[in-house]
Amino acid sequence: MTWASIDLNADLGEGFGRWRLTDDEQLLSVVTSANVACGFHAGDAVTMRRVCELAAGRGVRIGAQVSYRDLAGFGRRSMDVPHDELAAEVAYQIGALHVFARAAGARVSYVKPHGALYNRVVHDEGQAQAVVDGVLLTGERLPLLGLPGSRLHETAEKAGLPVVTEAFADRAYTAGGTLVPRGEEGAVITDAAAVVERSVSMARFGVVTSLCGRSVPVRARSLCLHGDTPGAVGLARRVRAQLEASGVRVEAFV
């Protein structure tokens with residue numbers, strides 16, 4: 001399925017103390033949804049508050065980017081976390097962000113897992129169930145942003161939670177439609193022209209070329225633009241401009 005409109009999301013607030021990884025202010029002038037780090041892979045109270053205020057002021061939707069508790073590994077190390085513990089930690093992260101979103105006159109509008117947790121819940125039903133149960137613990141029926149066909153989405157739909165399909169313009173895909181692991185060669189696409197071209201292809205035609213050269217269907221309501229790569233802001237602006245020039249409306253999914 002292709003869409004007449006598409007959401008642009010980015011991982012923001014990925015700093016800690018004096019260290020900042022993403023140019024939050026500039027990216028918030030481009031994207032329509034902000035995946036805000038909630039303190040487990042990055043982010044702290046001051047950063048979360050600042051990003052929520054900036055996002056609310058620009059009408060950008062605020063999403064909780066939940067992660068394994070892994071500051072040292074930036075949430076990119078897979079962990080075997082017991083169900084109840086992971087569910088509680090997901091709810092904890094959403095609750096922390098909710099305080100700052102509400103103070104900014106907005107709300108947490110959706111949830112997106114980060115890094116290793118994101119990849120794990122594509123196939124692992126147990127960890128996917130823990131994430132869903134964590135969302136349910138908050139008492140909010142928040143949409144879950146993730147890969148189409150993932151265990152996370154299957155589990156969320158069974159629980160009555162909305163799901164939103166996502167694609168990645170700057171990440172390589174396997175022939176099966178999953179992301180190539182970051183540790184493998186070619187997993188991250190650095191050529192700006194290729195990223196722009198892939199963005200339009202996914203938004204307009206619902207297809208992307210996999211790492212092996214095969215055309216793969218991608219059903220995406222939201223397109224992720226990574227903010228932690230060199231030249232991220234300029235690339236995000238190019239992607240949005242080309243999408244709009246191609247007749248695709250750029251707007252939030254919630």
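Undergrad: When you look at the layout of surface pockets in this model, what are you seeing that I'm missing?
TA: Summary: where empty space remains is shown by rolling a probe the size of a single water molecule over the atoms. Size it by volume and the largest pocket reaches roughly 430 Å³. Every residue lining the largest pocket is counted, 26 residues in all, and those nearest its centre are Gly115, Tyr118, Asn119, Arg171 and Leu179. Within the residue set of the lining of the largest pocket, elements represented by two or more residues are strand E6 (108–113) and helix H4 (115–123). For the lining of the largest pocket, the leading source of residues is H4, giving 7 residues. Across the lining of the largest pocket, the residue classes tally to 10 nonpolar, 8 polar and 8 charged.

Undergrad: Please clarify how the pairing of strand E5 (residues 61–66) should be interpreted in this entry.
TA: Along a regular strand, successive side chains alternate from one face of the sheet to the other. The buried count for E5 comes to 5 of 6 residues, which makes it a mostly enclosed element. Note: strand E4 (residues 33–37) against E5, 5 bridges, orientation parallel. If you follow Ser33 over to E5, its bridge partner there is Arg61. Sheet topology note: the E5/E6 ladder contains 5 bridges and is parallel. Bridging from a neighbouring strand, Gln65 pairs with Lys112 of E6. Where the polypeptide runs from E5 across helix H3 (residues 83–103) and back to E6, its parallel neighbour, the crossover connection is right-handed.

Thresholds, definitions, all that
Residues numbered from 1 in each chain as written. Predicted model: local features only at pLDDT ≥ 70, side-chain atom pairs only at ≥ 80, totals over all residues. Heavy atoms only, no water. 1 Å grid on protein atoms, 1.4 Å probe; cavity = no way out; pocket = protein on both sides within 12 Å on 5 of 7 lines; lining within 4 Å. Points joined across faces, edges and corners; volume = space filled by probe spheres on them. Helix = DSSP H or I, 4+ residues; strand = E, 2+ residues; numbered from the N terminus. Nonpolar A, V, L, I, M, F, W, Y, C, P; charged D, E, K, R; others polar. Buried < 20%, exposed > 50% of the residue type's maximum accessible area, 1.4 Å probe, protein only. Pairing = 2+ DSSP bridges. Right-handed = clockwise from strand over helix to strand, strands pointing away.

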